[in-house]
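Inside the fold
In case you want the letters, here they are:
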Amino acid sequence: MASTVMVLALAALAGCSFQDREKVWEIAGPVFGTAYHIKVVLPDDPQRLENLSSGIEKTLEQVDASMSTWREDSELSSFNRQDDQSDWVPVSRNLYRVLERSLEISEMTGGAFDITVGPLVNLWGFGPDGRPQDTPPDEKLEEVLTRTGYQNLSLRENPPAVKAEPVQYLDLSAIAKGFGVDQVAEYLENEGVSAYLVEIGGEIRVNGRKPDDTAWRLAVEQPTAEGRQVNRIVALHKAAMATSGDYRNYYESQGQRYSHTIDPVTGKPITHSLASVSVITDDCMTADALATAFNVMGFERANALAVKENLAVYFIVRRGDGFETHATPAFLSYIVD
Ligand code: ADP
Ligand code: MG
């Protein structure tokens, strides 16, 4: 968790010395094995920024303590350790909300998004245990596939609880960052901050406008490991955007590229030519999970579903040495550059 938090003014308004004029302040720190960058539009008030910083840290710590598979003491890890999950296991309201949305997105995407892929994620070396010596044998994958699947999970809303049969190992890494963003957004709104940009590891949610009354501008990156070049710019003032790509979290072994996104049907890392998917929705948890799901589905299937559901999605597909891009009709209105 974050132990140090930086607070710094990003942009002092030119030609303005009034103390109560609003500026963009940045609050940043490490979280979930990545980093958060938060911008808030506020008048100059160091004490208030201090308080917001520690409130943000606490908010994120709560999400981490609940949903991380990288922490043995998390709520999720204690569920995952149970050798019998066939009776209702009480969970926090937040964990329930994320599990519920996970199952909805599994249904919507025909199982492309599936939080029961945990054992497969670990077999391929993207879990807490690190890289395997060899790629897992097909028999092992098939054996794991026979006992995983989101259909094995049941949820109860009141009081919130989950059960599974057979035993499952759940992995919320593809949705928890987005949920963390939503929690920080909710916290800021409760604190009376109405203009902000919250980003965790590339998943973003914004509200309101910048001090110069313009919308927040977000970049969709070019999907290359080296650079941070921009492919497109979108302008948002009340929405979330998440991006899923094969270009950042992967490893190469014997000339093969292994993505950390697993196709729950084959049990193997995805290999198709879709390089990056960006999804814009109201809340970041949904955008985060859908981006991962669409990445699993590949361009043709994902685009068909996105158009049918009227979702705002932007695809970058590898073609030879270059890229081709495609925006769904709902995405077009956000593009400014
Ligand atoms: P990306 O932004 O590339 O989608 P995320 O961090 O959102 O990356 O999600 C990737 C992580 O989600 C993986 O490291 C793994 O833990 C988990 N995961 C992999 N495949 C799936 C899947 N099909 N459904 C749900 N979670 C998955
Ligand atoms: Mg995701």
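This one's a predicted model, so the numbers in the text were calculated from it and none came from an experiment. (Residues numbered from 1 in each chain as written. Chains lettered and ligands numbered in written order. Predicted model: local features only at pLDDT ≥ 70, side-chain atom pairs only at ≥ 80, totals over all residues. Heavy atoms only, no water.)

A word on the overall build of the protein
Convention followed: Helix and strand assignments come from DSSP, with helices taken as H or I runs of at least 4 residues and strands as E runs of at least 2, each series counted from the N terminus. When we talk radius of gyration, it's over C-alpha atoms, and the globule rule is simply 2.2 Å times the number of residues to the 0.38. Categorising residues by exposure relies on relative accessible area from a 1.4 Å probe, with only protein chains included: less than 20% of the type maximum marks a residue as buried, more than 50% marks it as exposed, and the intermediate range marks it as partly exposed.
Helices and strands together make up the secondary structure of the protein, namely nine helices and 18 strands. Over its C-alpha trace the protein gives a radius of gyration of 20 Å, about what one expects of a compact globule, namely 20 Å for 337 residues. Along the three orthogonal principal directions, the C-alpha set of the protein runs to about 70 × 50 × 40 Å. Out of the 337 residues in the protein, the part that is buried amounts to 50%.

Observations regarding the packing of helix α3 (residues 93-108) against helix α7 (residues 284-297)
The relative placement of two packed helices comes down to the angle between their axes together with the axis-to-axis distance. So the rule is basically this: Orientation is described by axes fitted as lines to C-alpha atoms, over the contacting stretch for helices, and by angles from 0 to 180 degrees between their N-to-C directions. Geometric relationships in this document are graded by angle, where less than 35 degrees denotes roughly parallel, more than 145 denotes roughly antiparallel, 65 to 115 denotes roughly perpendicular, and other angles denote oblique. Here is the rule for handedness: rotate from the far helix to the near one, and if that takes an anticlockwise turn smaller than a right angle the crossing is left-handed, while a clockwise turn gives right-handed. Contacts: residue pairs with any heavy atoms within 4.5 Å of one another. Here the nonpolar group is Ala, Val, Leu, Ile, Met, Phe, Trp, Tyr, Cys and Pro; Asp, Glu, Lys and Arg are the charged ones; every other residue, Gly included, is treated as polar.
At a minimum axis separation of 10 Å, α3 and α7 run at an interaxial angle of 40°. Considering their axes alone, α3 and α7 lie oblique with respect to each other. Considering the relative orientation of α3 and α7, their crossing is right-handed. Here α3 contributes Arg-97, Val-98, Arg-101, Ile-105 and Met-108 to the contact with α7, which in turn contributes Met-285, Thr-286, Ala-289 and Leu-290. Grouping the amino acids of the contact of α3 with α7 by side-chain chemistry returns six nonpolar, one polar and two charged.

Focus on the domain arrangement of the protein
Basically, it comes down to this: Residue ranges assigned to the domains are those given by an automatic or database domain assignment. When two parts are put together, the accessible area they lose, computed with a 1.4 Å probe and summed over both, is reported as buried area. Nitrogen and oxygen atoms within 3.5 Å of one another constitute a polar contact, given that in protein one can donate a hydrogen and the other can accept it, and given that sequence-neighbouring residues count only through two side-chain atoms.
Assigned domains of the protein: these are domain 1 (1-69 + 172-214), domain 2 (75-164) and domain 3 (239-337). Taken together, the contact pairs 13 residues of domain 1 with 12 residues of domain 3. Here domain 1 meets domain 3 over a buried area of about 960 Å², counting both sides, of which 50% is carbon and sulfur. The largest contributions to the domain 1 side of the interface with domain 3 come from Ala-174, Glu-203 and Ile-204, which together make up 43% of the buried area. Linking domain 1 to domain 3 there are six residue pairs in polar contact (both at pLDDT 80 or more). Where the side of domain 1 that touches domain 3 is concerned, the elements lending two or more residues are α6 (176-190) and β8 (203-207). Tallying contributions element by element places α6 first for the side of domain 1 that touches domain 3, with six residues. In the side of domain 1 that touches domain 3, the residues fall into seven nonpolar, two polar and four charged.

Some remarks on the coordination of the magnesium ion (ligand 2)
The condition that has to hold: Note: metal donors comprise N, O and S atoms at 2.8 Å or less from the metal (3.2 Å for Na, K and Ca); water molecules are not included, so apparent gaps in a site are possible.
Within the protein, Ala-174 (O), Asp-288 (O), Asp-288 (OD) and Thr-292 (OG1) serve as the donor atoms for the magnesium ion (ligand 2), at 2.1 to 2.7 Å. Read from N- to C-terminus, the donor residues coordinating the magnesium ion (ligand 2) fall into the pattern A-x113-D-x3-T. Of this pair, Ala-174 sits in the loop between β6 (161-164) and α6 while Asp-288 sits in helix α7, and the two are 114 residues apart along the sequence. Under the relative-accessibility criterion, Ala-174 is labelled partly exposed at 21%.

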